[in-house]
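Understanding the architecture of this molecule
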Amino acid sequence: MTSVDLNADLGEGFGVWTLGDDDAMLEIVTSANVACGFHAGDPATLATVCKAAAARGVRIGAQVSYRDLAGFGRRFMDVSTEDLIADVMYQIGALSALAAAAGTSVSYVKPHGALYNSIVTNRQQAYAVAEAVQTVDPALPVLGLAGSVFFTAAEELGLTTVPEAFADRSYRPDGQLVSRRERNAVLHDPDEIAERVLTMVRKGRVAAVDGSTIPITVKSVCVHGDSPGAVQIATAVRERLVSDGVTLTPFS
């Protein structure tokens, strides 16, 4: 039986500003990557999302980021190893407290935005993030791209790695994500995305932007909660997978 986790980035509103429909997404996904206040999210918003996730039995992950509220964590930052380790530990700790108050816990860690993309190849930052997670709790799995330097670092430190695929993002021929600055980096058609995800899960491959077909390893599928039509896309993905006999369940 084929099974896969379905995750989304949630808790990304701030104060009076709402981004995405967290309640609707929590009815669809099996894991919630909850912002930790560095790229998005304020304490009250994050507490609310943790309570809602706990009520629905959705796993919570700490979505750690560069300290970049103005740029939504999507700008590379040349952070020292010591600062990055402390920043990641701080974010996991903050969300863990809010999750505990909601009667649940942080079950995994997923880097966000530019940090996620940086540690695919940036050895210094990859090892810093992995060390931070290992220091906080070596039992916490980490989500990322298969074949990344981050996964190498995580595995060397004894962390469990969970390879994920992106439902609504385009891939380069080398398996990395197309930059959001480039045309067609983000996909929008729910039915097209749903079929694409099914191919990734069932056949372990995906079409890259140059038309080539590349292999992909998938234990979790991400649908961005802040994308236009996110709820419709996530619903289409869930329904297509279920209709094909794929079981949706947390990865661990």
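Residues numbered from 1 in each chain as written. Predicted model: local features only at pLDDT ≥ 70, side-chain atom pairs only at ≥ 80, totals over all residues. Heavy atoms only, no water.

How we decide: UniProt positions are given in the numbering used here, feature names are shortened, and annotations may be inferred rather than shown by experiment.
Within an unreviewed UniProt entry, the label attached to the protein reads 5-oxoprolinase subunit A, and the organism entered is Mycolicibacterium iranicum. For the protein, the Catalytic activity (unreviewed entry) comment in UniProt is given as "5-oxo-L-proline + ATP + 2 H2O = L-glutamate + ADP + phosphate + H(+)". Under the heading Function (unreviewed entry), UniProt records this for the protein: "Catalyzes the cleavage of 5-oxoproline to form L-glutamate coupled to the hydrolysis of ATP to ADP and inorganic phosphate."

**Section: the overall build of the protein**
Our working definition: Here a strand is any run of E in DSSP of at least two residues, a helix any run of H or I of at least four, and the numbering for each starts at the N terminus. Here the radius of gyration uses the C-alpha set of atoms, whereas the globule reference equals 2.2 Å times the residue count to the power 0.38. We call two residues in contact whenever any of their non-hydrogen atoms come within 4.5 Å of each other. Accessible surface is estimated by sampling points in the Shrake-Rupley manner with a 1.4 Å probe; for residues, cover comes only from the protein chains shown. Positive residues here are Lys and Arg, negative ones are Asp and Glu, while His and the chain termini are left out of the count. One atom stands in for each charge, and that atom is NZ of Lys, CZ of Arg, CG of Asp or CD of Glu.
Counting its regular elements, the protein contains eight helices and 10 strands. Computed over C-alpha atoms, the radius of gyration of the protein comes to 17 Å, within 12% of the 18 Å expected from 2.2 N^0.38 for 252 residues, which places it in the range of a compact globule. When the backbone C-alpha atoms are referred to their principal axes, the protein occupies close to 40 × 40 × 35 Å. A sequence separation of at least 24 residues applies to 72% of the contacts in the protein between residues at least 6 apart. Surface summary for the protein: the accessible area is close to 10700 Å², and the carbon and sulfur share equals 51%. Both charge centroids of the protein, one from 20 positive and one from 29 negative side chains, sit 4 Å from each other.

**Things to note about the nonpolar core**
Here is the rule we go by: Take the buried residues of types Ala, Val, Leu, Ile, Met, Phe, Trp, Tyr and Cys, join any two whose side-chain atoms come within 4.5 Å, and each joined set is a nonpolar core. Partly exposed residues are those whose accessible area sits between 20% and 50% of the maximum for their type, while under 20% is buried and over 50% is exposed, using a 1.4 Å probe and protein chains only.
Counting 80 residues, the largest nonpolar core has L95, V197 and L241 as its most contacted members. In this structure, L241 is in contact with V4, V197, L198, V201, V246 and L248, ignoring residues within four places of it in sequence.

**With respect to the pairing of strand 2 (residues 31–35)**
Our working definition: When DSSP finds two or more bridges between two strands, those strands count as paired. If the strands point away from the viewer and the path from the first strand over the helix to the second runs clockwise, then the crossover is right-handed.
A large share of strand 2 lies buried, amounting to five of its five residues. Of the two faces of strand 2, the one lined by S31, N33 and A35 and the one lined by A32 and V34 are each fully buried. When strand 1 (residues 3–10) meets strand 2, the two strands line up parallel, connected through four bridges. Bridge pairing links A8 to A32 in strand 2. As for the winding sense of the linkage, the β-α-β connection from strand 2 through helix 2 (residues 43–56) to strand 3 (residues 59–64) is right-handed.

**Observations regarding helix 2**
As a reminder of what qualifies: A helix is expected to reach a length of 1.5 Å times the quantity of its residues less one. Under the rule applied, a polar contact is a pair of N or O atoms within 3.5 Å (in protein, one hydrogen donor and one hydrogen acceptor; residues adjacent in sequence only if both atoms are side-chain atoms).
Its 14 residues place the ends of helix 2 20 Å apart at the C-alpha level, agreeing with the 20 Å of an ideal helix rising 1.5 Å per residue. Residues of helix 2 that are buried: T45, L46, A47, V49, C50, A52 and A53. On its buried face, helix 2 sits against strand 1, helix 1 (22–26), strand 2, strand 3 and helix 3 (81–101). With a side-chain oxygen lying 3.1 Å from the backbone nitrogen of A44, the N-terminal cap of helix 2 falls on D42. Phi turns positive, to about 75°, at G57, one or two residues after helix 2.

**Observations regarding the pattern of salt bridges**
Filter applied, for reference: Each reported salt bridge corresponds to a side-chain nitrogen of Lys or Arg within 4 Å of a carboxyl oxygen of Asp or Glu.
Evaluated as defined, the whole model comprises eight salt bridges. D68 is the salt-bridge partner of R75, the closest N and O atoms lying 2.4 Å from each other. D244 is the salt-bridge partner of R202, the closest N and O atoms lying 2.8 Å from each other. Taken together, the residues R202 in helix 7 (residues 190–203) and D244 in the loop between helix 8 (230–243) and strand 10 (247–248) connect sequence positions 42 residues apart. One network of salt bridges, in which partners are shared, links D9, K110 and E164.

**Some thoughts on the packing of helix 3 against helix 5 (residues 123–136)**
Put simply, the test is: For helices, the fitted line uses only the C-alpha atoms of the stretch in contact; every axis is such a line through C-alpha atoms, and the angle between N-to-C directions lies from 0 to 180 degrees. Put simply, angles under 35 degrees are roughly parallel, angles over 145 are roughly antiparallel, angles from 65 to 115 are roughly perpendicular, and the rest are oblique. Each crossing is labelled by how the near helix is turned from the far one, with a counterclockwise turn of less than a right angle marking it left-handed and a clockwise turn marking it right-handed. Under this grouping Gly is polar, as are all residues other than the nonpolar Ala, Val, Leu, Ile, Met, Phe, Trp, Tyr, Cys and Pro and the charged Asp, Glu, Lys and Arg.
Where helix 3 contacts helix 5, the axes come no closer than 8 Å and their chain directions differ by 40°. Judged by the angle between their axes, helix 3 and helix 5 are oblique. Along this stretch, helix 3 crosses helix 5, giving a crossing that reads as right-handed. Residues T81, L84, I85, V88, M89 and I92 of helix 3 form the contact with helix 5, whose participating residues are Q124, Q125, A128, V129, E131, A132, V133, T135 and V136. Considering only residue class, the contact of helix 3 with helix 5 consists of 10 nonpolar, four polar and one charged.

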